[in-house]
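# Structural overview for review
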Amino acid sequence: MNSVNIATAPSTGDWTGRIGASGIDKRPVEGPVSVTASGVAADTVCDTDNHGRWFQAVYAHDVADLRYWSGETGRELPPGSTGENLTLLDCDCSNAVIGERWRIGTAVLRVTGPRTPCRVFAGFWGSPGLIKRFAEHGRPGAYFAVERPGELAAGDSREVLSRPEHGVTVAELFAFRMGRATPELAAHVAAAEPDLPEPWAAKVR
């Protein structure tokens, strides 16, 4: 793992939308950080309707994707730039399987689904067309529930403990949710319903 990132204070501005504040501006921190079912210790979450639920306790994105977007935007995007708590090195978390369980440090995390881009994300980057571009790129990063609380830190390795046989990936669920599903993909994604949080399972149904 490349870094653990938190927002130590809310950001404000017109781009933060109806809440008027956002915890998207996350920065790397040193040393072990505690994670619980409520999320990452000391992290700021403002929009708890869309980002603070138990199945969105931790958000991860890949170093490779930050490099891609750095090239696309023409500016350096450091860890935390997509609002992710975990910046992962050599790990394709968008292709993790829904329900997959990881051990990082002493914590056990379970993959629950993709992050959906929103106006706040586009405003944070100052890029009005980002939502469409992010959706088309199809690599949204992954949300996790915390199955076993613990501590994790930059440099910790990732161990996959189990992986559901349905094989539905975060990227495939994202394509479905963004309205780009073929009948074949829709049937495939339906197999992941038992491993989805109920609000997302209901949308699949």
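Anything mentioned here points back to the structure above.
Residues numbered from 1 in each chain as written. Predicted model: local features only at pLDDT ≥ 70, side-chain atom pairs only at ≥ 80, totals over all residues. Heavy atoms only, no water.

## A short note on the sheet that holds strand β9 (residues 142–148)
The line we're drawing: Strands are labelled as partners when DSSP assigns at least two bridges between them. Each helix corresponds to a stretch of at least 4 residues labelled H or I by DSSP, and each strand to a stretch of at least 2 residues labelled E; elements are numbered beginning at the N terminus. Axis lines are fitted through C-alpha atoms, for helices just across the contact stretch, and the angle between N-to-C directions can take any value from 0 to 180 degrees. By definition in these notes, contact holds between two residues if any of their heavy atoms fall within 4.5 Å.
Read across the open sheet, the 8 strands follow the order β2-β1-β6-β5-β9-β8-β7-β11; overall the sheet is mixed. Two strands bound the open sheet, and with one partner strand each, they are β2 (27–29) and β11 (158–162). Adjacent strand axes in the sheet meet at a mean angle of 40°, parallel and antiparallel pairs treated alike. Of the strand pairs in this sheet, strand β7 (residues 101–104) and strand β8 (residues 107–114) are connected by 4 bridges, and their pairing is antiparallel. Bridge pairing in β8 links R103 to V108. Lying over the sheet, helix α4 (residues 170–177) contacts β8 and β9, oriented at roughly 30° with respect to β8.

## Observations regarding the side chain of R139
Operational definition: Side-chain atoms alone can form a polar contact between residues adjacent in sequence; in general such a contact is a pair of N or O atoms within 3.5 Å, and within protein one must be able to donate a hydrogen while the other accepts it.
Relative to the helices and strands, R139 resides in the loop between α3 (130–137) and β9. For R139, the side chain forms a polar contact with the side chain of D62, separated by 3.2 Å. Polar contacts involving the side chain of R139 include one to the side chain of D65, which spans 2.6 Å. In this structure, R139 is in contact with H61, D62, D65, D92, S94, N95 and F134, ignoring residues within four places of it in sequence.

## Topic: the sheet that holds strand β10 (residues 150–152)
Strand order across the open sheet formed by 3 strands is β4-β3-β10, with antiparallel pairing between neighbours. Bordering the open sheet on either side are β4 (39–40) and β10, each of which pairs with just one other strand. The pairing of strand β3 (residues 33–36) with β10 spans 3 bridges and is classified as antiparallel. The residue bridging S34 from the neighbouring strand is E151, located in β10.

## Describing α4
Counted only if it meets this: Burial here depends on accessible area, computed with a 1.4 Å probe over protein chains only, as a share of the maximum for the residue type. Under 20% is buried, over 50% is exposed, and the range in between is partly exposed.
Here α4 lies mainly inside the structure; 6 of its 8 residues are buried. Within α4 the residues assigned to the buried category are V170, A171, L173, F174, A175 and F176. Close packing links the buried residues of α4 with β8, α3, β9, α5 (183–190) and α6 (198–204). Of the residues flanking the end of α4, it is G179, one or two places downstream, whose phi is positive at about 80°.

## Some details on the packing of aromatic side chains
In this description, an aromatic ring pair is defined by two values, namely the gap between the centres and the angle between the planes. Basically, it comes down to this: Here the aromatic set is Phe, Tyr and Trp, taking the six-membered ring for Trp, and pairing holds for ring centres within 6.5 Å; pairs whose planes are under 30 degrees apart are stacked, those over 60 apart are edge-to-face, and all others are tilted. Criterion for a charge above a ring: Lys NZ or Arg CZ within 6 Å of the ring centre, and within 35 degrees of the ring normal.
Under the counting rule described, the total for this entry stands at 11 aromatic pairs. Judged by centre distance (4.9 Å) and plane angle (70°), the rings of F55 and W200 are edge-to-face. Of the two residues, F55 sits in the loop between β4 and β5 (58–62) while W200 sits in helix α6, which places them 145 residues apart along the sequence. Here the two residues F55 and W200 agree in accessibility, since each one is buried. Here Y68 and W69 contribute two aromatic rings whose centre-to-centre distance is 5.1 Å and whose plane-to-plane angle is 85°, an arrangement assigned as edge-to-face. Assessed through its relative accessible area of 1%, W69 is described here as buried. Put simply, the rings of W54, F55, Y59, Y143 and W200 pair up and form one aromatic cluster. Geometry around F134 places R115 over its ring, the cationic atom sitting 6.0 Å from the centre.

## Remarks on the nonpolar core
What counts is decided by this rule: Nine residue types can take part in a nonpolar core, namely buried Ala, Val, Leu, Ile, Met, Phe, Trp, Tyr and Cys, and a core is a set of them joined through side-chain atoms within 4.5 Å.
L86, W102 and L152 are the most contacted members of the largest nonpolar core, which totals 35 residues. Take this core: its biggest share by element is 4 residues, from α4. Ignoring any residue separated from it by four or fewer positions in sequence, one finds L152 in contact with M1, V4, G31, P32, V33, V35, L86, I104, G105, A107 and L109.

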